[in-house]
Each structure stands twice: as C-alpha cells, then as structure tokens.
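Now for the letters of each chain:
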Amino acid sequence: RGTVVLAATPIGNDGDASARLIALLEHADIVAAEDTRRLYALANRLGVHVGGHVVAYHDHNEREKADGLLDRVESGATVLVVSDAGMPTINDPGLAVVRRAIERGLPVTCAPGPSAVLDALALSGLPTDRFCYEGFLPRKHSERMQYLRTMRAERRTMVFYETLHRIDESMADLLEAFGPDRPMALCRELTKEYEQVRRGTIGEIRQSVVDDPPRGEMVLVVGGASETDVQAAAPASLSVADLAVL
Ligand code: SAM
C-alpha cells in the first residue's frame, strides 16, 4: 500500500518550501493540486521537476476524486495533496480524501509547513495558549452579526481569515459586536515583502482600516473575552453564580 501525504506549500515566500515538500513534488506518483497551473508555477520557481501524474483536486470535485486517488494508494502509490497556499484542508481542499482514507483504513500523513493561522497567531502578541480558528466570517452583514454575537463570551483568542473586499464591513461588525476596547491584530501579506502587523484595540484598528485601507491577504486575530466581557454578554436573567455553574 502507498500513502496519502498532505503537504503545506508557501503562503507567499518560496523560501518556506520545505525539503520534504520538494522531495515529494519530485517523487510522488500522483500530485493532486487545487490548481494545476499554480502547482507548476511553484515547481518552476523552486526549480523542481514534478515527476508524477498531476490531477486537479479542488472544492468542486474533491468528493468524486477521493476514491479514485485512494484506489491508487491501495495499489501502492504515494498521492501528494497540495492546495494553492498553506496547509490543505484549512479553508482549502483536502478533507474529503482524508476522511475517505480513514474510512478505508488507508495511511495518511502530513508534511507540515506554512499556514496563515499559526503565523498570524504567533505574531499577534495575543495569548496563544488557547485559541480558536474561525475561518472566514459569513458574507452577509446580518449573518455575520448574528455569528459574532454568539462569540462575545468566547475566552480564547479568535483567528479569522478575511479578504480585502470585506475588511471594512467586517471591522465595523467586530466593533459593534465586541466593542472598541478588545485587543486585536490585523496581519497582512504574511511572509511577503510588504508583511505588516497592525496591533491595537478593535476601535484603533477599525480607524486604521478607514484611514489606510489594507491591501493583500489578511488575517484578523482578536483577543478573547475578559471576565467583564463575559458578564456583559450574559443574558440579564443569569447571575454571576449561574455563570460559574455553566
Ligand atoms: N490553506 C491556507 C492556510 O493554511 O493558511 C488558507 C487558504 S484560504 C483560501 C486564504 C486565506 O488565508 C486568505 O484570505 C487570508 O485570510 C489567509 N492567508 C493566506 N496567505 C496569507 C498571507 N500570506 N498573509 C495573510 N493572510 C493569508
């Protein structure tokens, strides 16, 4: 039997390609890539010859493709799964093949590497001992607000992915949901030439987004609720004693 290998690819700095990623690109029998053109472009920049058969494996076909790839694993192939950037499965394709491999009792392993979640969290300066990854916020204002309200009492540091098209609205909603005083960090263009981390309160970062709209890819890291925030978020009918029980 072969193996499925999930491999992280750089999120903006080719120097972050691991020696293991490079060896896998050269030697895997099959490379399942989110975007085959981007895969070849990366391989070119790294000076790597992709030895195996390359197949497109993206959000729209990952379920149908998973079993075919795993049939090849069953007959001895190494199947490398890569997304456009960062860790596969983290807001990127990959989960379907992992699930099916587990169901079929086939080996899966991971060649870890860059992912914007941990990069942003570590740079934020906010507590890292407990955090939750929240992916992208809902697109619609009403759903986003509803979702954020459910997170008012979240104690862990929260990590959100965001796009430049929605950063303005999302910052306005974060301000409304969490108030102006929570600490946060807006981390953009991580690992790239114009990497920037803006740290401050939600109110300050909101203002900075209005004054100087950030460009590029970005991650928002928001501090978890303090004791006072938790009390403020609790329904009026619950006392502090009730909360202790909860
Ligand atoms: N699989 C990727 C990972 O492990 O980070 C995430 C893919 S998701 C489709 C793309 C989002 O990741 C972007 O909208 C942004 O929020 C975040 N991201 C990816 N690269 C980034 C970078 N270099 N700087 C800041 N954020 C980044």
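Quantities reported herein were computed from a predicted structural model and do not represent experimental measurements. (Residues numbered from 1 in each chain as written. Predicted model: local features only at pLDDT ≥ 70, side-chain atom pairs only at ≥ 80, totals over all residues.)

Asker: Before we go on, may I ask you to explain the environment of arginine 166 in this structure?
Answerer: Here arginine 166 shows up in the loop between strand S7 (157-162) and helix H7 (167-178). We classify arginine 166 as partly exposed; it has 15 C-beta atoms within 10 Å. Taking the C-alpha atoms as reference points, arginine 166 and lysine 140, separated by 26 residues in sequence, lie 9.9 Å from one another. (Helix = DSSP H or I, 4+ residues; strand = E, 2+ residues; numbered from the N terminus. Buried ≥ 20, exposed ≤ 12 C-beta atoms within 10 Å, placed from the backbone.)

Asker: Explanation requested: the site of the ligand in the structure shown.
Answerer: Close to the ligand lie 24 residues; Gly86, Ser115, Ala116, Tyr161 and Leu190 are nearest. For the shell around the ligand, the elements supplying multiple residues, two or more each, are helix H5 (116-124), S7, strand S8 (183-188) and strand S10 (218-222). Here the residues of the shell around the ligand are counted per class, giving 11 nonpolar, seven polar and six charged. (Near = placed C-beta within 6 Å. Nonpolar A, V, L, I, M, F, W, Y, C, P; charged D, E, K, R; others polar.)

Asker: I'm lost on the packing of helix H6 (residues 141-150) against H7 in this one. Help?
Answerer: Between two packed helices, what matters for the description is the angle formed by their axes and the separation of those axes. Their axes nearest at 10 Å, the elements H6 and H7 cross at an angle of 40 degrees. Regarding the angle of H6 to H7, the classification is oblique. Considering how the two elements wind past one another, H6 and H7 form a crossing that is right-handed. Within the contact between the two elements, H6 uses His141, Arg144, Met145, Leu148 and Arg149 and H7 uses Glu169, Ser170, Asp173, Leu174, Glu176 and Ala177. Classifying every residue of the contact of H6 with H7 gives four nonpolar, two polar and five charged. (Axes fitted to C-alpha atoms, helices over the stretch in contact; angles between N-to-C directions. Parallel < 35°, antiparallel > 145°, perpendicular 65-115°, else oblique. Left-handed = near helix turned anticlockwise from the far one by under 90°. Contact = placed C-beta atoms within 7 Å.)

Asker: Would you take a moment to explain the packing of helix H3 (residues 62-74) against helix H4 (residues 95-104) for this structure?
Answerer: With their axes 9 Å apart at the nearest point, H3 and H4 run at an angle of 45 degrees to one another. By the criterion of interaxial angle, the relationship of H3 to H4 is oblique. For the pair H3 and H4, the sense of crossing is right-handed. Where H3 abuts H4, its residues Glu62, Arg63, Ala66, Asp67, Leu69 and Leu70 lie against Ala96, Val97, Arg100, Ala101 and Arg104.

Asker: Is there a simple way to think about H7 in this case?
Answerer: Its 12 residues place the ends of H7 16 Å apart at the C-alpha level, agreeing with the 16 Å of an ideal helix rising 1.5 Å per residue. Along H7, the residues classified as buried are Ile167, Ser170, Met171, Asp173, Leu174, Ala177 and Phe178. Buried residues of H7, seen end-on, are gathered within an arc of 165 degrees and therefore sit on one face of the element. Buried positions along H7 lie against H6, S7, helix H8 (202-211) and S10. One or two steps after H7, the chain reaches glycine 179, where phi turns positive at roughly 80 degrees. (Expected span 1.5 Å × (residues − 1). Arc of directions from axis to C-beta.)

Asker: Could you clarify how one ought to interpret the nonpolar core in this entry?
Answerer: One recurring pattern in soluble globular proteins: nonpolar side chains tend to sit buried together. With 30 residues, the main nonpolar core has Val31, Ala32, Val79, Leu80 and Val81 as its most contacted residues. Contributing elements (two or more residues each) for this core: strand S1 (3-7), helix H1 (19-27), strand S2 (30-33), helix H2 (36-46), H3, strand S4 (78-82) and H4. Beyond its immediate stretch of four places on either side in the chain, valine 79 contacts Gly2, Val4, Ala28, Asp29, Ile30, Ala32, Leu69, Arg72 and Val73. Counting 29 residues, the second largest nonpolar core, distinct from the first, contains Leu148, Met151, Ala177 and Val219. (Core = buried A, V, L, I, M, F, W, Y, C linked by C-beta atoms within 7 Å.)

Asker: Please explain the pairing of S2 as it appears in this structure.
Answerer: When a strand is regular, its side chains alternate between the sheet's two faces. The side-chain alternation of S2 yields two buried faces, one formed by Ile30 and Ala32 and the other by Val31 and Ala33. With respect to chirality, the unit in which S2 leads through H2 into the neighbouring parallel strand S3 (residues 53-56) is right-handed. Pairing geometry for S2 and S4, over four bridges, is parallel. Across the sheet, alanine 33 pairs through a bridge with valine 82, a residue of S4. (Right-handed = clockwise from strand over helix to strand, strands pointing away. Pairing = 2+ DSSP bridges.)

Scope: geometric values only; no functional claims are made or implied.
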